[in-house]
Amino acid sequence: QVQLVESGGGLVQAGGSLRLRCAASGPYAMGWFRQAPGKERELVAALNWSGGLTYYSDSVKGRFTISRDNAKNTVYLQMNNLKPDDTAVYYCAASSVMTSQVVTTTRDYAYWGQGTQVTVSS
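Notes on the structure in this doc start here. Not measured: the values here are computed from a predicted model.

Another aspect to go through is the packing of aromatic side chains. If you walk through the whole model with that rule in mind, you get 4 aromatic pairs. Plain terms: the ring middles of Phe33 and Trp112 are 4.7 Å apart, the flat faces sit at 55° to each other, and that makes the pair tilted. Pair noted here: Phe33 is in strand β4 (residues 30–35) and Trp112 is in strand β10 (residues 109–112), with a separation of 79 residues, a long-range link. A relative accessible area of 0% means that Phe33 is categorised as buried.

Laid out in structure tokens, this is it:
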């Protein structure tokens, strides 16, 4: 059983920064998703097991950075220049697909954290 625990969410003004953390162990490709009220859950960033390959959605490219420290069993999402549209519950997820590549398909993520709220005020 894979357990994922997110932390680091909160309230920040537009233009500010937050760093999300996800405690996760195991050789899994990882992703950060978000879901705003009334919207579908979307993948915003992903990386492979080694951390050498990454993916970003167009909406966060250049502002968010995903990384991992396998020695600390932690995956990070550094979020800079936050915008009100970034307001959502953010979820950390681990893929059930054993691959060296980035996983970008939501259905390939089998393990989910409980989510952490990020609110960006204008």
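Of note, Thr74 is situated in strand β8 (residues 74–79). Residue classification places Thr74 among the buried residues on the basis of a relative accessible area of 13%. In this structure the side chain of Thr74 is engaged in a polar contact, spanning 2.8 Å, whose partner is the backbone oxygen of Lys72. Excluding anything up to four places from it in sequence, Thr74 contacts Arg21, Cys22, Ala24, Ser67, Arg68 and Asp69.

For Lys39, the position within the fold is in the loop between β4 and β5 (42–47). Residue class for Lys39 comes out exposed when judged on its relative accessible area of 57%.

The rules behind each value
- Residues numbered from 1 in each chain as written.
- Predicted model: local features only at pLDDT ≥ 70, side-chain atom pairs only at ≥ 80, totals over all residues.
- Heavy atoms only, no water.
- Phe/Tyr/Trp six-rings, centres within 6.5 Å; stacked < 30°, edge-to-face > 60°.
- Helix = DSSP H or I, 4+ residues; strand = E, 2+ residues; numbered from the N terminus.
- Buried < 20%, exposed > 50% of the residue type's maximum accessible area, 1.4 Å probe, protein only.
- Polar contact = N/O pair within 3.5 Å; in protein donor to acceptor, adjacent residues only side chain to side chain.
- Contact = heavy atoms within 4.5 Å.

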